[in-house]
Each structure stands twice: as C-alpha cells, then as structure tokens.
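If you want the building blocks of each chain, they are given just below.
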Amino acid sequence: IGLLLAAGCAGGSKVESPLVKESGVKTLVNLHPAANGRLYSANFQDTGFIPLGTDVTVTKVTDKRLYFTVNSTKQDYVYLLHKTLTEPWEQHLNKIFGTNAPDTSGMSAVDQKGIKEGRALVGMTKQGVIYAIGYPPTTPDYMNSDSWKYWRNHWATFTVDFQNGVVSQTPRY
C-alpha cells in the first residue's frame with residue numbers, strides 16, 4: 001500500500017498517508033487488541049480479536065499512531081508504536097494493514113484452524129503462525145529462527161517453537 005510517513009515528524013504529528021484515503025483496507029494478520037482498543041507494534045497478545053482480512057477504515061496516521069475503525073462493528077482502535085520496534089514504522093504498518101488480504105485457502109487444515117482461532121497450534125507453518133498471531137516482535141531474523149518470542153501482555157512472554165518449519169509443541173500462552 002505504500003504509506004508515505006514523513007521522517008522526523010515531531011511527537012505524534014499528523015502524517016499525510018494514502019492509507020487514510022484508501023478504500024478496501026484490511027488487516028493482513030489477526031490482531032489481538034486490549035479491551036481499551038489499544039494495539040501495539042510489540043504485538044501484545046491481548047484478549048480481543050480482529051480477524052485477518054477484516055475491513056477497516058484508517059482515519060489518521062501519525063509518526064507514532066494509526067487510528068482505525070472496524071467497518072462491521074464501528075469499533076475504534078489505535079495502533080501504537082512501541083519503543084521495541086526495530087523496523088521503520090511505515091514498513092511495519094504495511095505488514096499489518098493493506099488492500100489485499102492473504103488467501104489462506106491453500107494452507108493446511110491446521111494452519112486454517114489456528115488462523116481462525118487466533119493462536120499457534122502444533123503442526124502450523126511459520127506463515128500460518130504469522131497470520132494467526134502476527135509477527136514475532138522480539139525475534140530478529142525470525143524466518144530463520146526455530147524459536148519465536150511473543151509478548152502475552154506488558155509483563156509476560158511465551159515462545160512458539162518450530163521443528164522442520166512447523167510448530168513442534170503447544171505454546172504456553
């Protein structure tokens with residue numbers, strides 16, 4: 001989608017972004033917001049659930065926040081930059097929101113089940129896990145790693161372990 005976030009914007013200043021004007025924006029992974037409608041780039045696995053492919057309207061983008069509404073429920077959310085983010089904000093947002101939701105129909109039954117439930121299941125592929133619970137925020141070079149660390153919330157972590165490219169044991173959320 002190509003967000004045009006300006007570098008060096010001061011303290012949450014508004015950024016012109018074609019994402020705000022774009023129709024047909026969707027979530028590219030399942031999102032797990034907190035009850036207060038907040039999500040973080042650190043990908044905390046809170047109790048809320050916004051499925052992959054959900055139609056959203058992006059209302060505002062700043063250098064530290066993206067505001068959006070889920071079209072079907074009219075629920076408002078804010079996606080916040082967390083200090084742990086190591087990739088550029090624009091690049092990160094383009095992995096989470098876009099106009100072409102992934103087609104998961106060709107994925108295995110276990111991948112599809114985990115994506116639908118929003119959790120990592122034994123036997124899921126790495127791509128299935130990404131769609132189900134998002135990108136691992138604390139695992140550099142995650143596609144070449146056999147252990148992905150996620151944040152359950154602001155205080156607790158859990159690990160998804162892979163063997164031969166598939167989840168090898170049930171993560172303890």
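Here the structure is a predicted model, which is why all the values come from computation and not from measurement. (Residues numbered from 1 in each chain as written. Predicted model: local features only at pLDDT ≥ 70, side-chain atom pairs only at ≥ 80, totals over all residues. Heavy atoms only, no water.)

**Focus on the overall build of the protein chain**
Rules: By the criteria applied, helices consist of DSSP H or I runs no shorter than four residues and strands consist of E runs no shorter than two, each listed in order from the N terminus.
Helix and strand content of the protein chain: four helices and nine strands. Of the regular secondary structure in the protein chain, the N- to C-terminal order runs α-β-β-β-β-β-α-β-α-α-β-β-β.

**Observations regarding the pairing of strand β5 (residues 76-80)**
Let me state the cut-off plainly: Summary of the burial criterion: residues with accessible area below 20% of their type's maximum are buried, those above 50% are exposed, and those between are partly exposed, where the area comes from a 1.4 Å probe applied to protein chains only. For two strands to pair, DSSP has to find at least two bridges joining them.
Summarising burial for β5: four of the five residues are buried, a large majority. Summarising the sheet, strand β2 (residues 38-40) and β5 pair through three bridges and their orientation is parallel. From the neighbouring strand, L39 faces β5, where its bridge partner is Y79. Connecting strand β4 (residues 65-70) to the next strand, β5, in antiparallel fashion are five residues, including K74 with a positive phi near 65 degrees.

**A look at the nonpolar core**
For clarity, the cut-off: Residues belong to a common nonpolar core when they are buried Ala, Val, Leu, Ile, Met, Phe, Trp, Tyr or Cys residues joined through side-chain atoms within 4.5 Å.
Within the largest apolar cluster, 37 residues are counted, with the highest numbers of intra-cluster contacts made by L31, F68, Y79, F97, V129 and V160. Looking at this core, the elements with two or more residues in it are β3 (55-61), β4, β5, α2 (89-96), α4 (126-133), β7 (147-151) and β8 (157-163). The leading source of residues in this core is α4, at five residues. Formed by five residues, the second largest nonpolar core is a distinct cluster that contains A42, F44, V78 and L80.

**What to know about the sheet that holds β3**
In space, the six strands of this open sheet follow the order β2-β5-β4-β3-β1-β6, with mixed pairing throughout. One side of each edge strand has no neighbouring strand; the edge strands of this open sheet are β2 and β6 (97-98). Bridge count between β4 and β5: five bridges; the pairing is antiparallel. Within β5, the position partnered with F68 by the bridge is Y77.

**As for the packing of aromatic side chains**
This is how it is decided: Under the pairing criterion, centres of Phe, Tyr and Trp rings, with the six-membered ring standing for Trp, must be within 6.5 Å; the plane angle then separates stacked pairs below 30 degrees from edge-to-face pairs above 60, leaving the rest tilted. Two thresholds decide whether a charge sits over a ring: the Lys NZ or Arg CZ must be within 6 Å of the ring centre and within 35 degrees of the ring normal.
Following the criterion strictly, the structure yields nine aromatic pairs and no others. Ring geometry for Y135 and Y142: centres 5.9 Å apart, planes at 70 degrees, overall edge-to-face. Among the aromatic residues, those joined into a ring-pair cluster are F68, Y77, Y79, W89 and F97. Geometry around Y135 places K95 over its ring, the cationic atom sitting 4.2 Å from the centre.

**Focus: the confidence of the model for the protein chain**
How we decide: Known as pLDDT, the predictor's per-residue confidence is scaled from 0 to 100. Contacts are assigned to residue pairs with any non-hydrogen atoms lying within 4.5 Å of each other.
In this model, the protein chain carries a mean pLDDT of 89, and residues with pLDDT of at least 70 account for 87%. Low confidence marks residues 1-11, where pLDDT is under 50. Its contacts with residues over four positions away, or in another chain, come to 33 contacts.

**Quick notes on the sheet that holds β8**
Sheets are built from strands paired through backbone hydrogen bonds, the pairs being either parallel or antiparallel. Spatially, β7-β8-β9 is the arrangement adopted by the three strands of the open sheet, whose pairing is antiparallel. Edge positions in the sheet fall to β7 and β9 (166-167), since each of these pairs with one other strand and no more. One ladder, built from two bridges, connects β8 with β9; its direction is antiparallel. When the sheet's bridge partners are listed, F162 is paired in β9 with V167.

**Some details on the layout of surface pockets**
Inclusion rule: Both cavities and pockets are sets of points on a 1 Å grid over the protein atoms alone; in a cavity a 1.4 Å probe fits but cannot get out, in a pocket the set is open with protein on both sides within 12 Å along at least five of seven lines, and lining residues sit with an atom within 4 Å of a point. Grid points are joined across faces, edges and corners, and a volume is the space filled by probe spheres set on the points. Each residue is assigned to one of three groups, with Ala, Val, Leu, Ile, Met, Phe, Trp, Tyr, Cys and Pro labelled nonpolar, Asp, Glu, Lys and Arg labelled charged, and all others, Gly among them, labelled polar.
Volume-wise, the largest pocket comes out at about 270 Å³. Class assignment of the residues belonging to the lining of the largest pocket gives a composition of seven nonpolar, seven polar and three charged.

**Some points on the pairing of β7**
Burial along β7 is one-sided: W148 and Y150 are buried, while S147, K149 and W151, pointing the other way, are not. Here five bridges tie β7 to β8, and the two strands are oriented antiparallel to one another. From the neighbouring strand, S147 faces β8, where its bridge partner is D161. Here β7 hands over to β8 after five residues, the two strands then running antiparallel side by side.

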